[in-house]
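Architecture and fold: a report
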Amino acid sequence: MEDIIRLLPDAVANQIAAGEVVQRPASVVKELLENAIDAGATNIQLVVKDAGKTLIQVIDNGKGMSFNDARLCFERHATSKLRKADDLFHICTKGFRGEALASIAAIAHVELKTKPAADEMGTLVLIEGAEIKEHAPITASDGTSIAVKNLFFNVPARRNFLKSDKVELTHIEEELYRVALIHHDIAFQYYNNGRMVLMLPASNMRQRIVNIFGQHLNDKLFPVELDHELMRITGFIAKPENAKKKSEQYMFINQRYVRHSLLNFAVEKAYADLIPQGSHPSYFIAIEIDPSTIDVNVSPTKVEVKLQDDRLIFGFLNSTVKKSLGTMSLTPMIDFDDSFPDIVTQKPEGVEVKPPVYSSNPSYNPFDKVPEKKHSSPFQQFGGGGFRRETPTSNDWENFLKELNVEKVEYPKEEQQTVDFQPETEHNELELPEIIPFFVFQNRYLFFELNGQVMTADLPNVQERILYDTYVNALKNTPIHPQQSLFPQTITLTAAQTDLAVSLKEDFLRLGYELEQMDSTHLAVNATPNDEEEEGDVQALIENVLTTYQTNQVIHKGDKISGIAQSMARQKRSKQRVPATQEEVKALIRKLFESDMPTLSPSGKSTLHIFGAEELRHYFE
Ligand code: ADP
Ligand code: MG
């Protein structure tokens, strides 16, 4: 018989592989974001048009690729992340299969621009349906930009199977969250159809969660933490009251988002008695274990993982979450055995390691109106069952009203713990009492008493608000006075930045900075605002303003003034004086309340928290 077996041409093989790796636009987003992270980027932009059907672009400031690599990366099994077979058992990168770009290039039009920082010139590669259309040197910024256009243009069946834009976009955003949550130290900007949707500055995990899911989560998050030889667990869980039908549930192992039903169960089980059936807790948990005990290579998208000892992780995770739930509500009388027993330094062969059991009361819930649990609770010794609130809080009210099926009811007056912040139209000179009792905690939180309320202000957020208003005012109305320097500083920028700075000369002058061009990459700063900083700061400040401005303008045509003011305010907020005298406190409060938006910083964070008498009383009942 004649031989009939043939090797598939690469293009066909790639299209088949693409079916596994690229199921929908969100898969492309995931692969490109992960590549950017593997490339060591500290800033990543995601640009999406028409739910990714027209364009998905990821721009990073990572290490870039050489001329040849820029071409090679589209070959199947082309990867820089594995050198020898053994590496497969110590995976520390997101990618390693070397098939994402090959797959994507097989089913889309791809434009790659890349440049390593050390190289003069960058590289452009255009590729359509796996066919190289162009491979040429170009000028490019450091890092890599990959634009994926017309996804599935040559696989009509796939294209037709895509869901509505709304659904596809939800998947895309979900992928972004999964990556951004665990890489909170990387800044992300996300643009959809020309509009900036999310701006995530580099931050800690809690801040990142709140930046993505909203400020309302902030009060509801509680840390989980375990530091053990066998694994580290960090992250946050949300209070039981936050449980919903569909909750934010994010589990990461070694910085990779994973779906693992047993581990999910470990968390849910810890909440078991605390939340109603059918509701699920929100959690954001990062587990770190020895990479050789985990196999991430079980599915092309690497979301499923195999764990060598999932029961061990189950136990640790479950008790860590229980512990956090138990300590959640300021319960100093609970006597925790705080450390995990030192059972193992090296896990001995054949010995089962049992995670410790806590004697806390996981069913303790301060929001229980009538505690039903019969567990022995440390509170019972004190004749209580947790905080019992006689006066319902807004939270209880909502539930209560729901039970009664009442549509709309006004909350009782004392629940509205707001100060009248209406900006007065004519004279907004704020009447302040002679003496304002105050103190500053941790150099950051100002506690003061005003109108019979105890308030606390987050000084950096307050400063950001005040500075922002000042800069907007300077750019629009009253410029800040520049002070001539005896020894003008010279700052060095890229040629493009220099041009931009020159075109923004007027604006900088209004902010108190007099700039003068020296040559194509140098500016002299002849004058600075009165209160100016030392050298180095000016360079960074101007550079940052320019970068923010660029990102704002190029992709999202942002408002110029607010963009510049925001960038300035964010940089200067922490350099302000901490008020120390009555006069300084008053000046600060006055300035804050002069704002149209005194309770929020321009980045959307709270500036103030008010403890009403009611709220305080509840704490002690
Ligand atoms: P993998 O990530 O599994 O290695 P990919 O097909 O996703 O495979 O990428 C192939 C190679 O291309 C990577 O190993 C890396 O060397 C290079 N590469 C891809 N994206 C980037 C990027 N954003 N910056 C730098 N190099 C990249
Ligand atoms: Mg990859």
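Each remark here, short or long, concerns the structure printed above.
We now turn to the structure provided with this report. Given the structure is predicted, the values throughout are model-derived calculations rather than measurements.

1. Quick word on the site of ligand 1
Around ligand 1 lies a shell of 18 residues, among which Asn-35, Thr-79, Ser-80, Lys-81 and Gly-98 are the nearest. A distance of 2.8 Å separates a nitrogen atom of ligand 1 from a polar side-chain atom of Asp-60. Leu-101 is positioned with one of its backbone polar atoms (N or O) 2.9 Å from an oxygen atom of ligand 1. The protein chains hide 93% of the 530 Å² of surface that ligand 1 would expose on its own.

2. Considering the sheet that holds strand β19 (residues 482-492)
The strand order across the open sheet built from 3 strands is β19-β21-β20, with neighbouring strands paired in antiparallel fashion. The open sheet terminates on both sides in strands that have one partner only, identified here as β19 and β20 (514-519). Within this sheet the neighbouring strands show an average axis-to-axis angle of 20°, counted without direction.

3. Observations concerning the packing of helix α6 (residues 165-182) against helix α7 (residues 205-213)
Each pair of packed helices can be described by the angle between their axes along with the distance between the axes. Running from N to C, α6 and α7 point in directions that differ by 155°, and their axes come no closer than 9 Å. With respect to each other, α6 and α7 are oriented roughly antiparallel. Side by side, α6 and α7 meet where Tyr-177, Ala-180 and Leu-181 of the first sit next to Met-205, Arg-208, Ile-209, Ile-212 and Phe-213 of the second. Here the contact of α6 with α7 is built from residues that sort into 7 nonpolar, no polar and 1 charged.

4. Brief notes about the pairing of strand β13 (residues 283-288)
The buried count for β13 comes to 5 of 6 residues, which makes it a mostly enclosed element. By the bridge criterion, 6 bridges tie strand β10 (residues 232-238) to β13 in an arrangement that is antiparallel. Bridge pairing in β13 links Phe-236 to Phe-284. Of the pairings in the sheet, the one linking strand β11 (residues 249-253) to β13 comprises 5 bridges and is parallel in character.

5. A few points about the sheet that holds strand β8 (residues 195-200)
The strand order across the open sheet built from 8 strands is β5-β4-β3-β6-β2-β1-β7-β8, with neighbouring strands paired in mixed fashion. Across the chains shown, the open sheet's two edge strands, defined by having one partner strand only, are β5 (131-138) and β8. Neighbour-to-neighbour, the strand axes of the sheet open up by a mean angle of 10°, direction not taken into account. Pairing of strand β1 (residues 43-49) with strand β2 (residues 55-60) involves 6 bridges; the strand directions are antiparallel. Paired with Gln-45 across the strands is Ile-59, a residue of β2. Sitting on the sheet, α6 touches β1, β7 (187-192) and β8, and the angle it makes with β7 is about 175°.

6. Points about the pattern of salt bridges
As enumerated under the stated definition, the model contains 18 salt bridges in all. Note that Glu-464 and Arg-573 form a salt bridge whose closest N and O atoms lie 2.8 Å from each other. With Glu-464 in helix α11 (residues 459-476) and Arg-573 in the loop between α15 (560-572) and α16 (582-594), this residue pair connects regions lying 109 residues apart in the sequence. In this structure, Glu-464 and Arg-573 share a single accessibility class: buried. Connected through shared salt-bridge partners, Glu-111, Lys-113 and Lys-149 make up one network.

Definitions and limits used
- All residue numbers here refer to positions counted from 1 along the written sequence of the relevant chain.
- The order in which chains are written sets their letters, starting at A; the order in which ligands are written sets their numbers, starting at 1.
- Totals for whole chains, interfaces and linings use every residue, but because this is a predicted model, local features are given only for residues with pLDDT of at least 70 and side-chain atom pairs only at 80 or more, for both listing and counting.
- Water and hydrogen atoms were dropped before computing side-chain values, which therefore reflect all heavy atoms in the structure.
- Proximity criterion: a residue is near a molecule or strand once any of its heavy atoms comes within 4 Å of it.
- Contacts described as polar in this section are N or O atom pairs within 3.5 Å, which, within protein, must combine one atom able to donate a hydrogen with one able to accept it, while residues neighboring in sequence count only if both atoms come from side chains.
- Method for areas: the Shrake-Rupley scheme with a 1.4 Å probe, in which residue coverage is limited to the protein chains shown.
- Following DSSP output, two strands are said to pair if at least two bridges run between them.
- The numbering of helices and of strands both runs from the N terminus, where a helix is a DSSP run of H or I of at least 4 residues and a strand a run of E of at least 2.
- Here, axes are lines fitted to C-alpha atoms. For helices the fit covers the stretch in contact, and angles between N-to-C directions go from 0 to 180 degrees.
- For classification, angles of less than 35 degrees are called roughly parallel, those exceeding 145 degrees roughly antiparallel, those between 65 and 115 degrees roughly perpendicular, and all remaining angles oblique.
- By definition, residues are in contact when any of their heavy atoms lie within 4.5 Å.
- All amino acids are sorted into three groups, where Ala, Val, Leu, Ile, Met, Phe, Trp, Tyr, Cys and Pro are nonpolar, Asp, Glu, Lys and Arg are charged, and the leftover types, Gly among them, are polar.
- Classification of residues uses two cut-offs on accessible area relative to the type maximum, computed with a 1.4 Å probe and protein chains only: under 20% is buried, over 50% is exposed, and between them is partly exposed.
- What counts as a salt bridge is simple: a side-chain nitrogen of Lys or Arg found within 4 Å of a carboxyl oxygen of Asp or Glu.

By themselves these figures say nothing about function.
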